[in-house]
Amino acid sequence: MINSADEGAPQEPREDQGEAGELTPEESPPQDERTPLEILQGEYDELHNRYLRLAADFENFRKRSARDIESRTSSAIERFAKDMLEVADSLERALVSEGADHEGMNQIKKLLENVLDRQGIVSYESSGEKFDPTRHEAIAYIPSDKDEGIVCDEVCKGYCLSSKVIRPAKVTVSRGNEAEQS
């Protein structure tokens, strides 16, 4: 039973209670009991971690920017090369129609080939190779003495930029000898 005298008397806080009568865990020291060195060490650790994250983010940004620039440069060269290949094809057709002994046009063709080579754009030969859909565009499928699937004739040259095909060669492909098949 509780005495009425005990009810109104002010109670003294116990050791495990705070001033307002709240319970506080005994093992955690109050915030104000940390030494200035511990406080500074905690701030230093936080700032150092932020610095390391920022440095890593900046390094990633730098690498991503370099890749983007390389990609844009390569894309610009590829677009320009495709336009220049039309000029090269027209020059090739003009040489065929005028005759290969036209000195001025031969010089222009050599100059154009040198410019394309400096940019890493090279043509590749397709006649006699096995048809490869990544490097060839078939425009005709004809009977011939060659085995089936072999490129018979190259109508338009194919070009690569480094190892990437920027324009496939337009070719005719052998259907094989139809007399032997029947």
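What counts, and where the lines are drawn
Residues numbered from 1 in each chain as written. Predicted model: local features only at pLDDT ≥ 70, side-chain atom pairs only at ≥ 80, totals over all residues. Heavy atoms only, no water. Helix = DSSP H or I, 4+ residues; strand = E, 2+ residues; numbered from the N terminus. Buried < 20%, exposed > 50% of the residue type's maximum accessible area, 1.4 Å probe, protein only. Contact = heavy atoms within 4.5 Å. Areas by Shrake-Rupley, 256 points an atom, 1.4 Å probe, with all protein chains shown as cover. Phe/Tyr/Trp six-rings, centres within 6.5 Å; stacked < 30°, edge-to-face > 60°. Lys NZ or Arg CZ within 6 Å of the ring centre and 35° of its normal. Polar contact = N/O pair within 3.5 Å; in protein donor to acceptor, adjacent residues only side chain to side chain. Core = buried A, V, L, I, M, F, W, Y, C linked by side-chain atoms within 4.5 Å. Pairing = 2+ DSSP bridges. Axes fitted to C-alpha atoms, helices over the stretch in contact; angles between N-to-C directions.

Here we look at the overall build of the protein
Here is step 1: Counting secondary structure elements, the protein contains four helices and six strands.
Here is step 2: Ordered by position from N to C terminus, the α and β elements of the protein give α-α-α-β-β-β-β-β-β-α.
Here is step 3: The 182 residues of the protein split such that 19% are buried.
Here is step 4: In the protein, the share of contacts with a sequence separation of at least 24, taken over all contacts with a separation of at least 6, comes to 59%.
Here is step 5: With the model as given, the accessible surface of the protein reaches about 14,200 Å², and the carbon-plus-sulfur share is 52%.

Some thoughts on the packing of aromatic side chains
Here is step 1: Tallied over the full model, the rule gives zero aromatic pairs.
Here is step 2: We note Arg135 situated over the ring of Tyr124; from NZ or CZ to the ring centre the distance is 3.9 Å.

Some words on the side chain of Arg167
Here is step 1: Relative to the helices and strands, Arg167 resides in strand S5 (residues 164–167).
Here is step 2: Among the residues examined, Arg167 registers a relative accessible area of 16% and is labelled buried.
Here is step 3: There is a polar contact of 2.8 Å between the side chain of Arg167 and the backbone oxygen of Lys157.
Here is step 4: Among all residues touching Arg167, those that are not within four sequence positions of it are Leu85, Asp89, Tyr124, Cys156, Lys157, Gly158 and Tyr159.

Considerations on the nonpolar core
Here is step 1: Ala81, Leu85, Ala88, Leu112, Leu116, Ile121, Tyr159, Leu161 and Ile166 together form the largest nonpolar core, which totals nine residues.
Here is step 2: Counting residues per element, the ones that place at least two in this core are helix H2 (36–98), helix H3 (103–118) and strand S4 (158–161).
Here is step 3: Top element by residues in this core is H2. It accounts for three residues.
Here is step 4: With six residues, the next largest nonpolar core counts Tyr124, Val151, Cys160 and Val173 among its residues.

Structural notes on the sheet that holds S5
Here is step 1: In spatial order, the strands read S1-S4-S5; together these three strands make up an open sheet with antiparallel pairing. A strand with exactly one partner marks an edge of an open sheet, and here the two such strands are strand S1 (121–124) and S5. Geometrically, the sheet is characterised by an average inter-axis angle of 40 degrees between neighbouring strands, direction not taken into account.
Here is step 2: Where S1 and S4 come together, four bridges link them in antiparallel fashion. Considered in S4, the bridge of Ser123 is made with Tyr159.
Here is step 3: Sitting on the sheet, H2 touches S1, S4 and S5, and the angle it makes with S5 is about 45 degrees.

Quick notes on the sheet that holds strand S6 (residues 169–176)
Here is step 1: The strand order S2-S6-S3 describes an open sheet built from three strands, whose pairing is mixed. In this open sheet, the two edge strands, each paired with only one partner strand, are strand S2 (136–143) and strand S3 (151–156). Averaged over neighbouring strand pairs, the angle between their axes works out to 25 degrees when direction is ignored.
Here is step 2: Two strands pair when backbone bridges link them, and S2 and S6 are joined in this way by seven bridges, in the parallel orientation. If you follow Pro143 over to S6, its bridge partner there is Gly176.

By themselves, these observations are geometric and do not establish any function.
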